[in-house]
Every structure is written in structure tokens, then in C-alpha cells.
Amino acid sequence: MANENKLQDIIGHCKEYGYVFQSSEIYDGLSAVYDYGQYGAELKKNIRDYWWRSMTQMHDNIAGIDAAIFMHPTVWKASGHVDSFSDPMIDNKDSQKRYRVDHLIEGYAETLEKGTGDALIAKMEQLLADNNLTGIKELIEEHKISCAISGTCNWTDVRQFNLMFATQLGSVAEEANEIYLRPETAQGIFVNFLNVQKTGRMKIPFGIAQTGKAFRNEIVARGFIFRMREFEQMEMQFFVRPGTQKEWYDYWKEVRMKWHLSLGISAENFRFHDHIKLAHYADMACDIEYDFPMGFKEVEGVHSRTDFDLSRHQEFSGKKLTYFDTEINKHYVPYVIETSIGLDRTVMMVLSDAYKEEDLSTEEKKDSRVVLSLPPMLAPIKLAVLPLTKKDGLPELAKELIDECRPYFKCFYEEKDSIGKRYRRQDAIGTPFCITIDHQTKEDRTVTIRHRDSMTQERIPLDSVRALIVEKTKMF
Ligand code: GAP
């Protein structure tokens, strides 16, 4: 169920607590481009690390690489992006506003009764699958879908717009070569398939993983960091023997869903959505959808990409990209199962799931708090150390503890304001544990540990803190 208020609350919270800022905000921002602040950058890095380690460290047969953003322009001809990486758009002639047709129709369908809306979406999906752009325009006209700005139905024909950003390589205009900012990280893996297979002596089935920036000139970018023009992907291509792709496709669907559940998000907030309209490279594909504040939306794709990419690169480069399978004594172009997840979307999913406004009122007094119940392993700060007062040697003891813990995990020190206010600030940032150093600490070297989610407190030995937090925040 869409919850626009929750989305606005999360956006506001992210800005107030240093998670996400609009890019170039002092210049009124740049549409659909965002910067991560001090806590957002830590959260994003922790998610990236968790994904990277889940893929490369926890699997013997997956190697991680880091390919460049710029690639030879022919890569994008071979991959099909130059010809096919486009969205069907329609312009309103009165307002000059351009819409992605699926967003325009989906927006209208949401205003209808469920059954009627679903039937309209099904019809649209079929027309898009058939690439029937005339039919799409007729559907828009038949339902009298109007432009939100002009209020009219004065539409152009539906046209395809390519989503890649082009730029020039070389400083002299005549010598300049048009190249693209990569719209997906996957192609950097395909063109390195043989390099990794040979140097890593990899045997099929094996995977290559990488994380990195991708760029798409999204015409309609909306939903905060859900749809951006510059974003980060975490992709893994798994190379398999032809004919075994269904088995590996099912395997990776299951593994990836388990990964999402390992973030502590409940299963009812996820669902699979099988693609009706398959991308030009796929023979099976589905999305893992999460129930965002805007409703269920894609966070990750699992795609069976056949031998499309390697075969096309073989054709366009003239270089052989085959594998010799000693078990069956055969050369072949491997098939590929891809898992492709958006890092920014995962940040948004984790934040949406963690953000809670809690009413803590009692009969005596009204009270509430905002808490980010982030999985401890992902929290930007693992431990806040808070001396009860600024004197009597308590700050010194607190700093000693921080010095001991700092090499192991990220700590935060604060001595200003009441302890209650400091706890609430850490709740809002998502810090899972706070340690309070008080006068008793000086006598018996015990401290109070306060747990973010339950708000319970207990007395533990100062010397046990480091090992306890390491244990509670570990990834595996
Ligand atoms: N290599 C396959 C591929 O790129 P995709 O479904 O186009 O497939 C994969 O993208 C993932 O990348 C999506 O599931 C989504 O999480 C993320 N993604 C795609 N476009 C995005 C955008 N404009 N902003 C943020 N994330 C995006």
C-alpha cells in the first residue's frame, strides 16, 4: 500500500540526520541526483561490503572485479543498448511535458477500482511486450488519460528515447569519439570473462561480481533515491553450461531472496514478479520486489541472459569467447544467470524498513521517538560512548574505551546534553548500542549498555564491551 506521508517523513529524516542530501542543493538541486551524507555514506558502504562479501568471500567460485565506467563504444552496440535501451515516451503538446507511457498509465490505473486498474495494466503490459506503440497511444486516448499539468489529452505519438548519456573522449573536437557512461556494470564483466576465467583458472559454473556506478538519463525520475540518473549497481554474472540455466536461475532466485531476508526484513514485504516483457537478452527474468512506501517495487532483478552477451561480443570484437568444458569435452559459449541489485534502492529499502515513529506516552507524560532499527551489521555507528558528566574523569574513561574499540568498529563520542536526549539522537541515527560511563564505572569498572530497539539497559563489565559489540555487529 502506497504511503506518501511515510516517504516524505523518510526523506526529511535522511536530510536532518545526515543520510541523504539533494545534489548541489545550494544551487536548488539537480533533479534525480543525490549525495550521501556522513551516515548515509557509511550505511551504503556497509551494504556494499555485505553484498560483496556474501558474493565473493562466501562463494569459492565467484571472483570480484572493478571495471572502468568508460568502455569501448562498440560494447554498447554489441550489447544492444544503442538500439534497444530506450523507454517509450509521450509528450503533451500543450504543457510540453514528457511522460514515460507506463508511468502515465500506471498513475491513471491507481485512480480506478482495483479490478479495472489491473485489467488496464495487463493490457498495457501486453501492448509493450508486442512493442505496439500505436496501440499504447490508442489506450491512452480511449481512457482519456490527461496531462497533470495542462489537463488536456493533446498527445504526440509514442516514441522511444535512448537512456544512455553520451560524452566525448579526446580534447580536440575533430578527434573526439563519442562514448557512453555505462548504463549497467554487467558489460564490464562480460568483456573480462576470459581474462578472469584464464587468470583465475575458473571452472564452469563460476561467477564474476562487481559493484559500481551506472548512469541512465531517466526521463521521469521520482521516488527519492529509488530512481536516479546516477546510481550504483551490485551485479554478478554466473557462467553456466548451456541447458542448465533453468536450474541455476531457480538457485539464484532462492539465494538472493535469502540474502534479502538476512537483512531482518520480514518475508511478507517481498515478492517475486515474473517479467512478461523480456529484455532483448533474456529467456527468463524476474524482479525481487519490496513493499516500499510507494508500494511493491523492484529492488533486484534475476535474469537468465542466455549466451546473448558473450556471443554478441564475440561477433563484434572478432575474438573467441568460448570455454572448453573438460567434463564433456566440448567448447561452448557459456550461458549466464545475472543477479543485479541497485545499491541505492537497497539503501532505501533498508531505511524504509528501519524507520519507525514510536509513541512512548505514559499516563503521566506524552513521549515519542523516531528510531532507525537498522540491522546492527549495517548501522553507520555501532557504538556510542557517553560519559554521564563532563568531569570526574568520566570523559577520560569513555575515550579509553573508544580508543580500544575504534580499530574494530565505528564509534561515536558525545558528552553534551542530558543522557536521555543523547540516547534519542542515537536512536534517530540508528546506533544499536550506547554505553554510559558513570561514577560507578570508576569504582567497579562496569558500564550501562542501552539497547536501541528495546530501550532496555543492563550493567556489564567495561572490559567485555569490545568483544560483545564485535559479536553483535558481525556480518557472518
Ligand atoms: N544488468 C541488468 C540491469 O541493469 P536493470 O533491471 O535495468 O537490470 C538492475 O537494473 C537494478 O538496478 C534494478 O533492480 C534497480 O535496483 C537498479 N536500478 C536500475 N535503474 C535505476 C535507477 N535509475 N536508479 C536507481 N536504481 C536503479
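Look above for the structure.
Residues numbered from 1 in each chain as written. Predicted model: local features only at pLDDT ≥ 70, side-chain atom pairs only at ≥ 80, totals over all residues. Heavy atoms only, no water.

Sorry if this is basic, but what is going on with the sheet that holds strand β23 (residues 457-461) here?
Two pairing modes exist for strands in a sheet, parallel and antiparallel, and in both the strands are linked by backbone hydrogen bonds. Read from one edge to the other, the open sheet built from five strands follows the order β20-β19-β21-β22-β23, with strand pairing classed as mixed. The outermost strands of the open sheet, each flanked by one partner alone, are β20 (411-413) and β23. Taken over all neighbouring pairs, the strand axes of this sheet differ in orientation by 30° on average, direction set aside. Pairing of strand β19 (residues 383-387) with strand β21 (residues 433-437) involves five bridges; the strand directions are parallel. Pairing of Pro387 across the sheet is with Ile437, part of β21. (Pairing = 2+ DSSP bridges. Helix = DSSP H or I, 4+ residues; strand = E, 2+ residues; numbered from the N terminus. Axes fitted to C-alpha atoms, helices over the stretch in contact; angles between N-to-C directions.)

Would you explain the environment of Asn5 in this entry?
The residue Asn5 is located in helix α1 (residues 4-16) in this model. Asn5 gets classed as exposed once you look at its relative accessible area, which sits at 57%. Along the chain, Asn5 and Ile449 lie 444 residues apart, while their C-alpha atoms are 34 Å from each other. (Buried < 20%, exposed > 50% of the residue type's maximum accessible area, 1.4 Å probe, protein only.)

Can you help me understand the site of the ligand in this one?
Neighbouring the ligand are 21 residues; Glu184, Met228, Glu235, Glu298 and Glu338 lie closest to it. Between the ligand and the protein, one listed contact pairs a nitrogen atom with a side-chain N or O atom of Glu218 at 2.8 Å. One of the side-chain N or O atoms of Arg305 is found 3.4 Å from a nitrogen atom in the ligand. Contributions of two or more residues to the shell around the ligand are made by β10 (230-240), β13 (295-306) and β16 (335-342). (Near = heavy atom within 4 Å. Polar contact = N/O pair within 3.5 Å; in protein donor to acceptor, adjacent residues only side chain to side chain.)

What should I look at first to understand the pattern of salt bridges in this one?
In this structure the tally under the stated criterion is 36 salt bridges. Here Lys137 ties to Asp157 by a salt bridge, and the two come within 3.2 Å at their closest N and O atoms. Here the residue Lys137 occupies a position in helix α7 (residues 133-142), and Asp157 occupies one in the loop between α7 and β6 (159-162), the gap between them amounting to 20 residues. Of the charged contacts, one joins Glu327 and Arg241 as a salt bridge, the two residues approaching to 3.3 Å between their closest N and O atoms. With a gap of 86 residues between them, Glu327 in the loop between β14 (323-325) and β15 (330-332) and Arg241 in the loop between β10 and α10 (245-261) connect regions that are remote in the sequence. Note on Glu327: relative accessible area 68%, which makes it exposed. Each member of the salt-bridge network shares a partner with another, and the members are Lys44, Arg48, Glu232 and Asp344. (Salt bridge = Lys/Arg side-chain N within 4 Å of Asp/Glu carboxyl O.)

Would you take a moment to explain the environment of Ile341 for this structure?
Note that Ile341 resides in strand β16. The class for Ile341 is buried, based on a relative accessible area of 1%. Through-space distance from the C-alpha of Ile341 to that of Met234 is 5.3 Å; in sequence the pair is 107 residues apart. Ile341 has contacts with Trp51, Glu232, Gln233, Met234, Arg256, Trp259, His260, Val299, Glu300 and Thr346, leaving out every residue within four places of it along the chain. (Contact = heavy atoms within 4.5 Å.)

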